[in-house]
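A structural walkthrough
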Amino acid sequence: MNEFLQQYEELRSNFYLISPEYLFFFYGVPVLIITALAVVGYRFYKRPVWTFGSNYPLLGPIRFWLMMIVVFALAVAALVRPAIAKNGLMPVAGPVEVIFMVDVSFSQFAQDWGPSHPSRLEIARREILNLFSSNLLKSGDKASLYIFANGSKRPMPLVDFNRHADKFIGRASSLLTPPKTIIEGEFYLGYSDIAVALEDVYQTLDSHEQQLSGSSNWRPTAKSNRLAVIFTDGDFELNSSVDSPEEQEKSAQFLKRITAALHDYRKRGIKFYAVVVGTRRGVQLTDILKKYKLNNDYSEKDQKDLAEKGLTRVYPENLRRLAVGTGGNPVSDVFLIDEFDVSAAGFLMSAISSHRSFKIEPVVQESNQELWPWFLMASLIFFGLGWLIK
């Protein structure tokens, strides 16, 4: 409240009129209002007796002329040319905190559109690098980068993006690409453990903020400028159909962890957005092995395991469930790239911009800021509205 009063006082002290000699035209506004009220009163007094089925509007055609009074007032306001001295007014966008999560499990290496086209992971890399290279993330914005499969890593912590843009671009370029060999036991060659990924994000975020606060009594708080953007095919089980009691218990615990993690996301104000890459028709997991050599790059056991798993395809419904779990919209907060030349740029811009706060602040200018064009534009809008309702 004090900040608002300070801005108001600064605005009032810098406000002036370039052509105050035309202020006398404002005397016409109360005259027109009194005349309009008199006409309305006369119409009300002289209207016919009400009968069944009759319709006698109180204003009728006079609605247009009432709107013209507003047009006249705004036109006079433009004529006196109000302006703000030295400082101007400008809408200022607040900073955002964006958490990028990228699925680098084996299914992400699938080339849904053929061997001559990029894989799912390479399309995710393309979208992220395009965003990093654009001006969408501005001064003061923070970002972090996580990669996950059956484990989770954080190549870039939550830091000022502009200061570390080169590092973000370098890490994304080197990490978001299919490996040269898949025989080693790196975590990203397994399945997608979405529970581990979700838990790692908010836990490392909590640890980071607690360190910044320097207080042992720190507690997580919700922030409206936070969002998490995940790039994945959604090819992970949220409801696995298992028969054995042990597997059923394991599945129940897995879903319990996801539910608890989404609850913690809501507590911290982290809203979930998803870019789903791949096709519904899918491809065989063993097709991914065609660019690798048996024994050199993968083992016979790898081939057998992938053959048992069979097909990999996109499951956007899994991401919709996660979006709903953080208070999001299952339709507008999930974007599907089902063609290799489709871009998620508009979706990402809308998601990030929706978490920015906007306020009007005075800014230093070389010249005075004139406000009369805004009043003139408003008068034209009201004239148009009056013409529509006459």
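Residues numbered from 1 in each chain as written. Predicted model: local features only at pLDDT ≥ 70, side-chain atom pairs only at ≥ 80, totals over all residues. Heavy atoms only, no water.

Looking at a nonpolar patch on the surface
- The grouping of W374, M377, I381, L385, L388 and I389 at the surface amounts to a nonpolar patch, some 650 Å² of accessible area in total.
- On the secondary structure map, I381 appears in helix α11 (residues 372-389). (Patch = residues over 30% accessible without salt bridge, like charges linked within 9 Å, V, L, I, M, F, W, Y side chains within 5 Å. Areas by Shrake-Rupley, 256 points an atom, 1.4 Å probe, with all protein chains shown as cover. Salt bridge = Lys/Arg side-chain N within 4 Å of Asp/Glu carboxyl O. Helix = DSSP H or I, 4+ residues; strand = E, 2+ residues; numbered from the N terminus.)

Let's talk about the nonpolar core
- Grouped together as the largest cluster of nonpolar side chains are 48 residues, with contacts concentrated most on F100, V102, F132, V229, F231 and V275.
- At the level of elements, β4 (97-103), α4 (120-133), β5 (142-148), β6 (152-160), α5 (165-175), β7 (226-232), β8 (271-277) and α10 (345-353) are the ones that each hand at least two residues to this core.
- Formed by 30 residues, the second largest nonpolar core is a distinct cluster that contains M101, L158, I230 and F272. (Core = buried A, V, L, I, M, F, W, Y, C linked by side-chain atoms within 4.5 Å. Buried < 20%, exposed > 50% of the residue type's maximum accessible area, 1.4 Å probe, protein only.)

Let's talk about the packing of aromatic side chains
- Per the stated rule, a full pass over the model turns up 14 aromatic pairs.
- Ring geometry for F106 against F109: centres 5.6 Å apart, planes inclined by 70°, an arrangement best described as edge-to-face.
- Classification of F106 by relative accessible area gives buried; the value is 6%.
- Considering the side-chain rings of Y202 and Y265, the 6.3 Å spacing of their centres and the 80° angle between planes classify their relative orientation as edge-to-face. Of this pair, Y202 sits in helix α6 (residues 194-213) while Y265 is found in helix α7 (residues 245-268), placing the two residues 63 residues apart along the sequence.
- The exposure class assigned to Y202 is buried, which follows from its relative accessible area of 11%.
- Cation over ring: R313 sits above Y315, and NZ or CZ is 4.2 Å from the ring centre. (Phe/Tyr/Trp six-rings, centres within 6.5 Å; stacked < 30°, edge-to-face > 60°. Lys NZ or Arg CZ within 6 Å of the ring centre and 35° of its normal.)

A closer look at the sheet that holds strand β13 (residues 369-370)
- Strand order in the open sheet made by the 3 strands is β1-β2-β13, with antiparallel pairing throughout. Edge strands, defined here as strands with exactly one partner in the open sheet, are β1 (15-17) and β13.
- As judged from the 3 bridges shared by β1 and strand β2 (residues 82-84), these two strands associate in the antiparallel manner. Paired with F15 across the bridge in β2 is I84. (Pairing = 2+ DSSP bridges.)

A few points about the confidence of the model for the protein chain
- With 86% of its residues at a pLDDT of at least 70, the protein chain reaches an overall mean of 86.
- In the model of the protein chain, strand β12 (residues 358-364) stands out as the element of lowest mean pLDDT, 65, in contrast to strand β11 (residues 334-337), which has the highest, 98. (pLDDT = per-residue confidence, 0-100.)

A few points about the side chain of S144
- Mapping S144 onto the fold places it in strand β5.
- A residue is classified by how much of its surface remains accessible, and S144, at 2% relative accessible area, is buried.
- Apart from residues no more than four positions distant in its own chain, S144 is found in contact with V98, I99, F100, M156, P157, L158 and F168. (Contact = heavy atoms within 4.5 Å.)

Some words on unusual backbone geometry
- Unusually for a residue other than glycine, R81 sits at a positive phi of about 55°.
- Mapped onto the fold, R81 is located in the loop between α3 (62-79) and β2.

As for the sheet that holds β7
- If you trace the 6 strands from one edge of the open sheet to the other, you get β6-β5-β4-β7-β8-β11, paired in mixed fashion. Edge positions in the open sheet fall to β6 and β11, since each of these has one partner strand only. On average, each strand axis in the sheet is tilted by 15° relative to the strand beside it, whichever way the strands run.
- Here β4 pairs with β7 via 6 bridges, running parallel. Bridge assignment links F100 to a residue of β7, and that residue is V229. (Axes fitted to C-alpha atoms, helices over the stretch in contact; angles between N-to-C directions.)

So, the packing of α6 against α7
- Packing of α6 against α7 leaves a shortest axis separation of 9 Å and a crossing angle of 35°. At the point where α6 passes α7, the crossing takes the left-handed sense. Side by side, α6 and α7 meet where I194, A195, V196, A197, L198, E199, V201, Y202 and D206 of the first sit next to F254, R257, I258, A261, L262, D264, Y265 and R268 of the second.
- Looking at the contact of α6 with α7 residue by residue, the class counts come to 12 nonpolar, no polar and 5 charged. (Left-handed = near helix turned anticlockwise from the far one by under 90°. Nonpolar A, V, L, I, M, F, W, Y, C, P; charged D, E, K, R; others polar.)

Quick notes on the pattern of salt bridges
- All told, the structure shown has 15 salt bridges when counted by the stated rule.
- Between R120 and D233 there is a salt bridge whose closest N-O contact spans 2.8 Å. Pair noted here: R120 is in helix α4 and D233 is in the loop between β7 and α7, with a separation of 113 residues, a long-range link. Comparing R120 with D233, the two get one shared label, buried.
- With its nearest N and O atoms 3.7 Å apart, the salt bridge here joins D333 to K271. Note that D333 is positioned in the loop between α9 (316-325) and β11 and K271 in strand β8, a separation of 62 residues in sequence.

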